[in-house]
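# Summary of the model geometry
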Amino acid sequence: MKWERFVRPRAYLPGPVGPAPPAPSPAPARPPPAAALDPGVRLPRARTPRRGPTMAKRSSLFIRIVEGKNLPAKDITGSSDPYCIVKVDHEPIIRTATVWKTLCPFWGEEYQVHLLPTFHSVAFYVMDEDALSRDDVIGKVCLTRDTLATHPKGFSGWAHLTEVDPDEEVQGEIHLRLEVVLGTRACRLRCSVLEARDLAPKDRNGASDPFVRVRYNGRTQETSIVKKSRYPRWNETFEFELEEGAAEALCVEAWDWDLVSRNDFLGKVVFNVQRLRAAQQEEGWFRLQPDQSKSRREEGNLGSLQLEVRLRDEMVLPSGCYQPLVQLLCHEVKLGTQSPGQLILLIEETTSTECRQDVATTLLKLFLGQGLAKDFLDLLFQLELGRTSEANTLFRSNSLASKSMESFLKVAGMRYLHGVLGPIIDRVFEEKKYVELDPSKVEVKDVGCSGLHRPQTEAEVLEQSAQTLRAHLGALLSSLSRSVRACPAVVRATFRQLFRRVRERFPSAQDENVPFIAVTSFLCLRFISPAIMAPKLFHLRERHADARTSRTLLLLAKAVQNVGNMDTPASRAKEAWMEPLQPTVRQGVAQLKDFITKLVDIQEKEELDLQRALSLQAPLVKEGPLFIHRTKGKGPLMSSSFKKLHFSLTTEALSFAKTPSSKKSTLIKLAHIRAAEKVEEKSFGSSHVMQVIYTDDAGRSQTAYLQCKCVNELNQWLSALRKVSINNTGLLGSYHPGVFRGDKWSCCHQRDKTDLGCDKTRSRVTLQEWNDPLDHDLEAQLIYRHLLGVEATLREKHRQLSAGPEAGPVLTGPGGGRCFPPEPPFGDGGWGLPPRGPPAFQTGATLPALPSSCICLQPPRTQWPSCSRYCRTSGRPIGPAQLAPPPWSPATSWSCRHEAAPHNMLSPARFQAELPTTQDAAFFLEATWKKERDRRDSCLPSVQADWT
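Keep in mind the model is a prediction, meaning the values are calculated, not measured. (Residues numbered from 1 in each chain as written. Predicted model: local features only at pLDDT ≥ 70, side-chain atom pairs only at ≥ 80, totals over all residues. Heavy atoms only, no water.)

### Notes on the overall build of the protein
Stated precisely, the cut-off is as follows: Helix and strand assignments follow DSSP, with helices taken as H or I runs no shorter than four residues and strands as E runs no shorter than two, numbered in order from the N terminus. Think of it in three bands: residues with accessible area under 20% of the maximum for their type are buried, residues over 50% are exposed, and the middle band is partly exposed, with areas taken using a 1.4 Å probe on protein chains only. Note on areas: these come from Shrake-Rupley sampling with a 1.4 Å probe, and a residue is covered only by the protein chains present in the view.
The helix and strand tally for the protein stands at 19 helices and 31 strands. Relative to its 948 residues, the protein shows a buried fraction of 51%. Split by element, the accessible area of the protein, about 44400 Å² in all, is 51% carbon and sulfur.

Written out as structure tokens, the structure reads:
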């Protein structure tokens, strides 16, 4: 069996145990070849002195759980109440809502999880919820990291559920030391079982009673049993006599001891003894593997699950490397439609429909971080209006403007939406009234009786439904009308720009409603109405609506759409049975127009004052009720000792109060947080408890235990705490998942309270939320990656714009290579992404050290022997240094200077495209992004990647 190991930061192979020797040179050292080792062994990388900033590798999973079909019935009624649990390396991360009484549930829930690049698998467990007993397991779908890596565009489709085999549900790692001891007669194999961590909980109390069984050549030896621990420490050694030529493997198995029933399997690791004999000594953390010797149950009889899962790995560079790209984009936005390059327009034209939403969201967040979101959206509005001829088609397509505005409202206006729409949605869920306006769908039997003797008639059902909808719609419009001051200033200013641009484009009297419809097309049709129809996806409710409530919400959303369309004849003609709501709709149109008039009536000074007042307050990251228990003394920790309080997390501190409106008291200053992790279930009898480890004002380590009501709330709070404290100094690398009860830790049974933790912290595992702090470097990296993907299309567009129909002849470089002529820099008609090499950013700038290079298609570098000036970014010869001339003409000549010693250059095939950046930043990107290639150019800085 192939095994995987997690090595400690020591070099044990070959030679005696000791620290790794220092690297002989600043360049990243490669591990020495070890032909005798098992291919699964990964030696520790030699440490090298760091020069310059580091880059971080980040992984994220986009997960969409669509629906299930043909699930087996688990209840006596012949149905099930299914929900999904998503686990990353057996750690529960997400729980979907329960869909009641169905075998074909629909969830449609989307999540994005940021996690460590070293994760191994993501599993989807379909469960059946039971009120009185443990939930039943229906089946699971498991996708390994390798499987996701083979699908660059993500895994999408139906997957059969498989049976959950207890012998395959293994997790955790075991720490072993293996040695081959030479003797006078025969060699002996010494196996030291040191400790294990994060073992699977097999007992009902959330723990296990683990022991280890070591088998080799027919002999079996066992360690002692550690009771009630998932983090046991044994420190026991076993020896076996090695026989020459013996081919049997060494098997180390972990088991959970049970007094009555059979022992439960916890995982195993198998070693090739011959390779161990050649290595002489090995120590490290080894991942426990499942027992796959049993035949699997036939797939397909447990139903199927439709999933969309996409893995994204990003190497995020230091901020300085992205500054030229960010400056270029910001320069384009500030110039607006007056920009000669129109890079934003080219990005829109080269973006496919399937990735337009991602590009729009990334651009929007990038410009939000630069304070240019309003200007960016204003530029998109102008581009959209410039190609729109009829008012009734304005912003109706899925353009970059529409997608960017959707993302903008979710990021900047979600809290505002909760304040306006939250009470109405709560009222609809609480009432659960039967509402139906379509006569063809009215079912009197679902309504019940209006009195003691007779059921309601169809007319009475329709009238009562109309009254209910009119009440909900009137309450929503009244709440919206009163919310002008509550709307964020940046949202109001953006709508003001949109209103003005549309009115300038359609100034005639017959189009007087077009500016209002433009605003409502985003506010009502793309923001409020979708939130009404799917409140859980907008975090307005924790569960999906049942069938009756869903119908009420759908009809209410239709009414809001009619109001947003300004009650046009076309909207009325679609569904004539909505006529009973027309009086309320007409009244709502007047209310909405008055609201929009006040909403866009915001002056620049008022906008700045509101933003300044907001900047003086610490932004609220998350708030809600939690149960707190702070450890004091040596008494037992019981769940009854938790006290319910209202907590608020800002970018400065974690505070609490008795009620949301009462005065808050600071519990933990944000800069003092050292870790936020889960607590194992057996400590408090609940799996929804987290711990916040921090230092008090005196520098002493303290721990606050907070209990949540569900796994989703637990992971949301952990994510929020980890994100706001990710840059703290002194973050812990390990922690105790248990509590210090009496005189020892409940997790590993160690008696030293200051002992190092027995498990790894997971500070990088977070959930993506709409109110996440902006990550400027990540957004810039995503834009850079997108530009790389459409590089060929961008260059072709640029040639068409710059050369036009009167393009000159193709030039020929040294050795007969075909070269495109040098294209003008950004300030003189170009759009900022040169064919190769860096541009000049200011119009008319004179930068003699930044030549504009040409694209040389052939021949390779070996056929350019006499050219001494090469672009160190692309490895191609440099053309004439004409930085601020008129656009290229056929008379422009190609020249090359010569020197005695050619400059060492990098292979042009190793770097497919570069950022529109200054020359130094381009060198920096080249050195860091393509780290594996040869660093032969002494001018390039050596950057050591942080892979741990």
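More follows now that the structure is in view.
### What about the sheet that holds strand β14 (residues 250-256)?
Convention followed: Strand pairing requires that DSSP identify at least two bridges connecting the strands. Whenever a helix is involved, its axis is fitted only over the stretch in contact; in every case the axis is a line through C-alpha atoms, and angles between N-to-C directions fall within 0 to 180 degrees.
The antiparallel open sheet is built from four strands, whose spatial order is β12-β11-β14-β15. With partners counted over all chains shown, the strands left at the sheet margins are β12 (219-222) and β15 (264-271), one partner each. Strand after strand, the sheet turns through a mean of 20 degrees between neighbouring axes, direction not considered. Strand direction decides the pairing type here: β14 and β15, joined by seven bridges, are antiparallel. Each residue of the ladder has a partner; that of Cys 251, found in β15, is Val 270.

### Observations regarding the environment of Tyr 784
Among the structural elements, Tyr 784 can be located in helix α17 (residues 776-789). Since its relative accessible area comes to 1%, Tyr 784 is described here as buried. Between the C-alpha atom of Tyr 784 and that of Val 326, which follows or precedes it by 458 residues, the distance is 9.8 Å.

### Topic: the packing of aromatic side chains
Defined as follows: Classification of ring pairs uses Phe, Tyr and Trp, with its six-membered ring standing for Trp, and accepts pairs whose centres are within 6.5 Å; under 30 degrees between planes counts as stacked, over 60 as edge-to-face, and the remaining range as tilted.
Summed over the entire model, instances satisfying the criterion amount to twelve aromatic pairs. When the centroid spacing of 6.4 Å and the interplanar angle of 35 degrees are considered together, the rings of Phe 381 and Phe 522 count as tilted. Placement of Phe 381 in helix α6 (residues 373-386) and of Phe 522 in helix α10 (residues 514-533) is noted, with a sequence separation of 141 residues between them. For the pair Phe 381 and Phe 522, a shared accessibility class is recorded, and that class is buried. Measuring from ring centre to ring centre gives 6.5 Å for Phe 527 and Phe 538, while their planes differ by 65 degrees; the resulting arrangement is edge-to-face.

### Topic: the nonpolar core
Cut-off, in case you're wondering: Think of a nonpolar core as a cluster: buried Ala, Val, Leu, Ile, Met, Phe, Trp, Tyr and Cys residues, connected wherever their side-chain atoms sit within 4.5 Å. Throughout, a contact is declared for two residues whenever any of their heavy atoms are within 4.5 Å.
Formed by 101 residues in total, the largest nonpolar core has its most connected members in Phe 367, Phe 495 and Ile 532. The greatest single-element share of this core, amounting to 14 residues, is contributed by helix α7 (residues 400-431). Apart from the residues lying within four places of it in its own chain, the contact partners of Ile 532 are Leu 421, Ile 425, Leu 476, Leu 553, Leu 556, Ala 557 and Val 560. Counting 32 residues, the second largest nonpolar core, distinct from the first, contains Leu 115, Val 126, Ala 159 and Val 309.

### Overview of unusual backbone geometry
Of all residues except glycine, most have a negative phi; of all peptide bonds, most are trans. Of note, Asn 217 is a non-glycine position whose phi angle comes to about 55 degrees, a positive value. Mapping Asn 217 onto the fold places it in the loop between β11 (210-216) and β12. Positioned with a positive phi, Asn 235 is a non-glycine residue whose angle comes to about 55 degrees. Assignment of secondary structure puts Asn 235 in strand β13 (residues 233-241). For Asn 235, a relative accessible area of 57% translates into the label exposed.

### What about the side chain of Gln 707?
Take Gln 707: it is sitting in strand β24 (residues 701-707). We classify Gln 707 as buried; its relative accessible area is 19%. With near-sequence residues (within four places) excluded, Gln 707 lies in contact with Leu 626, Phe 627, Phe 642, Ser 686, His 688 and Val 689.

### Here we look at the packing of α7 against helix α11 (residues 547-564)
Helix packing geometry: the angle between the two helix axes and the distance between the axes. Put simply, the rule reads: Left-handed is the label given to a crossing in which the near helix is rotated counterclockwise from the far helix by less than a right angle, and right-handed is the label when the rotation is clockwise. In this classification, the charged set is Asp, Glu, Lys and Arg, the nonpolar set is Ala, Val, Leu, Ile, Met, Phe, Trp, Tyr, Cys and Pro, and all remaining amino acids, among them Gly, are polar.
As a packed pair, α7 and α11 sit with axes 9 Å apart at the nearest point and diverge in direction by 140 degrees. Crossing geometry of α7 relative to α11 is assigned as right-handed. Residues Ile 424, Ile 425, Val 428 and Phe 429 of α7 lie in contact with α11, whose contacting residues are Thr 549, Thr 552, Leu 553 and Leu 556. When the residues that make up the contact of α7 with α11 are grouped by side-chain class, the tally is six nonpolar, two polar and no charged.

### Re the sheet that holds strand β17 (residues 304-316)
In space, the five strands of this open sheet follow the order β8-β17-β2-β5-β29, with antiparallel pairing throughout. In the strand order of this sheet, the two ends are held by β8 (155-160) and β29 (766-767), each with one partner. Examined bridge by bridge, strand β2 (residues 56-69) and strand β5 (residues 106-115) share eight bridges and lie antiparallel to one another. Considered in β5, the bridge of Ser 60 is made with His 114. Packing against the sheet, α17 makes contact with β2 and β17, and its axis sits at approximately 100 degrees to β17.

### Observations regarding the pattern of salt bridges
Our working definition: Salt bridge, as used here: a side-chain nitrogen of Lys or Arg that lies within 4 Å of a carboxyl oxygen of Asp or Glu.
Evaluation of the coordinates by the stated rule reveals 40 salt bridges. Where Asp 775 meets Arg 58, a salt bridge forms, and the shortest distance between an N and an O atom there is 2.3 Å. With a gap of 717 residues between them, Asp 775 in the loop between β29 and α17 and Arg 58 in strand β2 connect regions that are remote in the sequence. The structure contains a network of salt bridges with shared partners spanning Asp 198, Arg 230, Asp 759 and Arg 762.

### Overview of the environment of Asp 772
Summarising the element assignment, Asp 772 is placed in the loop between β29 and α17. We classify Asp 772 as buried; its relative accessible area is 17%. Along the chain, Asp 772 and Ala 720 lie 52 residues apart, while their C-alpha atoms are 7.7 Å from each other. When near neighbours in sequence (up to four residues on either side) are disregarded, Asp 772 contacts Lys 723 and Leu 767.

### Quick notes on the packing of helix α3 (residues 319-335) against α17
Applicable threshold: Each angle gets one of four labels, with under 35 degrees taken as roughly parallel, over 145 as roughly antiparallel, 65 to 115 as roughly perpendicular, and the rest as oblique.
Where α3 meets α17, the closest approach of the two axes is 10 Å, and the angle between their N-to-C directions is 70 degrees. When the interaxial angle is binned, α3 and α17 end up roughly perpendicular. Here α3 runs over α17; the crossing is left-handed. Counted together, Ser 319, Tyr 322, Leu 325, Val 326 and Leu 329 of α3 and Asp 777, Ala 780, Gln 781, Ile 783, Tyr 784 and Leu 787 of α17 form the full contact between these two elements. For the contact of α3 with α17, the class distribution of residues is eight nonpolar, two polar and one charged.

### Some details on the side chain of Asp 777
Cut-off, in case you're wondering: Residues scored as positive are Lys and Arg, those scored as negative are Asp and Glu, and His as well as the terminal groups of each chain are ignored.
As for its position among the elements, Asp 777 is in helix α17. It is Arg 58 that comes nearest to the buried, bridge-free Asp 777 among opposite-charge side chains, at 5.5 Å. With residues up to four places along the chain from it excluded, the contact list for Asp 777 reads Val 316, Leu 317, Ser 319 and Tyr 322.

### What about the confidence of the model for the protein?
How we decide: Known as pLDDT, the predictor's confidence for each residue is given on a scale from 0 to 100.
Confidence in the prediction of the protein, expressed as mean pLDDT, is 76, and 73% of residues score 70 or more. For residues 633-640, every residue scores under 50 in pLDDT, and the model assigns this stretch nine contacts once sequence neighbours within four places are set aside. Taken as a whole, residues 805-948 scores under 50 in pLDDT and shows 295 contacts with residues more than four places along the chain or in a different chain.

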